[in-house]
Each structure stands twice: as structure tokens, then as C-alpha cells.
Amino acid sequence: MRSFLKTKTAIALALSVTAGTASADGHSGVEVLHWWTSGGEAAALNVLKDDLEAQGIGWTDMPVAGGGGEQAMTVLRARVTAGNAPTAVQGLGFDIIDWANQGALANLNEVAAAEGWDDVVPAALQQFAKVDGAWVSAPVNVHSTNWVWANKAVLDANGIAAPTTWEEFESALATLQAAGITPIAHGGQAWQDTTVFDGVAMSVLGIDGYRAAFVDMDESVLGGADMVEVFNRMAVIRANVDDNFSGRDWNLATAMVINGEAGFQMMGDWAKGEFINAGKVPGEDFLCFRFPGTQDQVTFNADQFMMFDQGGAVSEQQAALASAILSPTFQSAFNVVKGSVPARTDVSDEAFDACGKQGMADLAAAASSDNLIGSVAHGHANPASVKNAIYDVVTAHFNGEFDSETAAAELVDAVSIAQ
Ligand code: GAL
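Residues numbered from 1 in each chain as written. Predicted model: local features only at pLDDT ≥ 70, side-chain atom pairs only at ≥ 80, totals over all residues. Heavy atoms only, no water.

Before going further, it helps to examine the sheet that holds strand β6 (residues 137-139). Strand pairing in a sheet relies on backbone hydrogen bonds, with the paired strands running either antiparallel or parallel. Overall, mixed pairing links the five strands, which are arranged β2-β1-β3-β13-β6 in an open sheet. Each having just a single partner strand, β2 (59-63) and β6 make up the two edges of the open sheet. Neighbour-to-neighbour, the strand axes of this sheet turn through a mean angle of 30°, independent of strand direction. Relative to strand β13 (residues 303-307), strand β3 (residues 88-92) runs antiparallel, the two sharing five bridges. Considered in β13, the bridge of G91 is made with Q304. Together, β1 (30-34), β2 and β13 form the strand contacts of helix α2 (residues 39-54), whose direction differs from that of β2 by roughly 160°. (Pairing = 2+ DSSP bridges. Helix = DSSP H or I, 4+ residues; strand = E, 2+ residues; numbered from the N terminus. Axes fitted to C-alpha atoms, helices over the stretch in contact; angles between N-to-C directions. Contact = heavy atoms within 4.5 Å.)

According to the stated counting rule, one finds twelve salt bridges in the structure shown. The partner of R233 in a salt bridge is E229, with the nearest N and O atoms 2.8 Å apart. With R233 and E229 both in helix α12 (residues 225-238) and four residues apart, the pair spans about one turn of that helix. With relative accessibility at 29%, the residue E229 sits in the partly exposed group. Between K272 and D353 there is a salt bridge; the shortest N-O distance is 2.8 Å. With K272 in helix α14 (residues 270-277) and D353 in the loop between α16 (328-338) and α17 (354-368), the pair connects residues that are 81 residues apart, well separated along the chain. Here the salt bridges do not stand alone but share partners, grouping D208, R211 and D370 into one network. (Salt bridge = Lys/Arg side-chain N within 4 Å of Asp/Glu carboxyl O. Buried < 20%, exposed > 50% of the residue type's maximum accessible area, 1.4 Å probe, protein only.)

This part covers the site of the ligand. Around the ligand there are 15 residues in total, and E41, N301, D303, K338 and H378 lie nearest to it. With respect to the ligand, the side chain of W35 contributes an N or O atom lying 3.1 Å from an oxygen atom. Between the ligand and the protein, one listed contact pairs an oxygen atom with a side-chain N or O atom of D303 at 2.6 Å. Taken by itself the ligand offers 300 Å² of open surface, and the protein chains cover 100% of this. (Near = heavy atom within 4 Å. Polar contact = N/O pair within 3.5 Å; in protein donor to acceptor, adjacent residues only side chain to side chain. Areas by Shrake-Rupley, 256 points an atom, 1.4 Å probe, with all protein chains shown as cover.)

Quick look at the structure:
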């Protein structure tokens, strides 16, 4: 099957061959498909656009709204099938590997070697950026999902300190409920439910249990008593969101915390980009802390730009885009705004705020203590088929279709079928 796909994709890509540097739709420079459409994301993206403009490289923007990138990947598949692949595409983890295995991505080894990417990009990212020894994408950042964001004034007014254990978190939720404040701002979308699940699962299973369940897909852990407890805790979270959570976009949930309408949001650190974009200051307006019980772990997802093969060698624009992304100055300027941390280990944390500095320190500590692992929710633990199967079970449970015991059993079946 894979060889058929490889041929089919290669033919489609060959049909998209455009002379010289023009992208398929005739624009000069690069056409970039991405899903960075929130205020904070757009502000960060402008850092990259301005950087390329200063180098004389044109940018044709192809934003596809939809948190987590599901909608963007659907549009991408349609573009490639039509023989009209964009120049560069935002991608995550196993999706990058899948496109590389279909022969769809250009080989970036020349620019990677010239700039020493192998020496500065962490091994955890290289496993999703290099396939069969070839660099196939340019890592932009390292996000992580096991964060909690809190409105400091709301917590202070209710005598709540940042919780460090599940029990303290439950107590804080009860205090906010009693005060008539929405404890948790949340958007009821499968990718968001599963982003919350990342941290909750880590808090119960620990790094070994998380790896056994979601990387090794060990059925005894996927369906075990600890997984039932994970779903029990997800039910507690469900009981602490507002009545209008269903379908809410993630950045609107972040705005609820920014505005003091809710106490907490459990979300990846792209949420920090919204606080920064709103002019808020860590430690003064908001708090950032690891989901209680996961202070020593990092569930990561790295944004990368895949350079789609345009039917020939990597174009000058693609190489320049990749080079701009990996430049240390861009890595600092972009990630300060995006809420993520740099994709290279030699960037100073000087320009980063307290949350950014903690994120960089957490990443280094987790990487050196084998506590760094890919986010299930954002395609860094297993391929899309398994990720989507997990989405379905987690969101069905969150919406009350399964009790916790049933959800654990359904997880075993869903993951088994999806492999
Ligand atoms: C993640 C992505 C982030 C942010 C988030 C919300 O998958 O890595 O950069 O876009 O989705 O859409």
C-alpha cells in the first residue's frame, strides 16, 4: 500500500512542478499553509513573515483555521491530491513522518549540514524531523501541553495558591464553584479534550505508564485500573467547566481566564501567546504551572515546517525559509511571542519571561532525566489513526457517553483497531 501511495503522491507532486521559484499558484517566494489564526499565533507568525520580507522572500499566506491542525491537514491532503502542494506546511510529529514516507517532502540536508542542525536540535525533535537520515522539515519550536494557566486576581481573591497535587486542584475547583466562578475554561473539541487528557493521564500513570499506554500501546495499561482513575479525573474536570463549553475555540477559553471569567485553563503553552498578546504579565496578571502531579514531566509537541517537494531540488526560497526558521535570533524572537520554547538548545533564555524561562528549564531537565515524551493530543505519541481513535474515546467520555470503566475498555478496542 505504501509504495502505491508513494507513487501516487510522487505523480501528484510531479504534476505540481512549477518552473523556478514560483509556488504552484504562481506566487513568487513561499506559499505557507498553517493554522496559526488566533491573536497570539498571528503575532508570532508575523515575526517570521517580517524576517523573510527583510530577505526579499515573498510570503503567500494560506491560513486554515482550526486548533490542533485537523482542518489544515484535511486541506493539505486535498491540495497534494490535486497536484498542488504548498511550498511549506506547518506539521506535527507523526504526520511529518507519514508525508516523508510517501515521498512528498524535499530533502533539507544541504542547509541542515551547512548550519549544523544535528548539533543543536534536541534528539526528541530530530525523531520527527529526520527520516532515513534526511532532514525533511524545519523545527520551529517546542510546545508542551501539561500546563495550567490561571487568573492571579481570581485565585488571590479566593485564597488559592497554585495547586501542586490533584487533591489541592480539586479543592481549588470547589472553592471557585462555591464563589460562583467558572473553575475551568474549556473548549469542547476532541483535540482540546485530549490536550487536557495528556496532563491528567501523566498525573496518574507517570512517565512509565504514559509511555506503556500510548507509545507501546500496552493493553494492560490502556484498560487498567489506573486508566479508569484517569477517566474519573477527566469527569471531575468535566464537572468544573461552564455550560457553554461545547465547541468553544481554545483561544476564547483562554480569553475567559484573561478576563477573570474563569479561574483556570488546562492548555498547551500557545495559550501564553494569548496572554502576552493581551499585554498580560506572568506573576502579576496570570500564573503558569505544570498540571499537578506532572511537575517533573513534559508532554511536548513541536511545530515544524515541512517543505513539500516541488518537483526538483529544494528551491532557494525553501532553503531560505528553513534557514530563517532555525536562526538563533528568529528562534528567540518568535518563541517569546508564541509561548513555546526554542527548537535549538543554544538559544539564551534572556528574552523570555518567567513562564518561558520555566518552560526552557523544564524541557532541559525532562530531556536529561528521560521525562520528556510526545503529546498524544498533538500527534507526537503515535500515528494519526491511533491519535484519532484516542480522541474519539476521550471526547465520548467527556461528553458523558461512557462511564470511566467503559471508556478504559473502549480505549483498548479503539487503539487495537486503529493500529
Ligand atoms: C498545536 C500547535 C500550536 C497551536 C495549537 C492550537 O497543535 O502545535 O502551535 O497552533 O495547536 O491551534
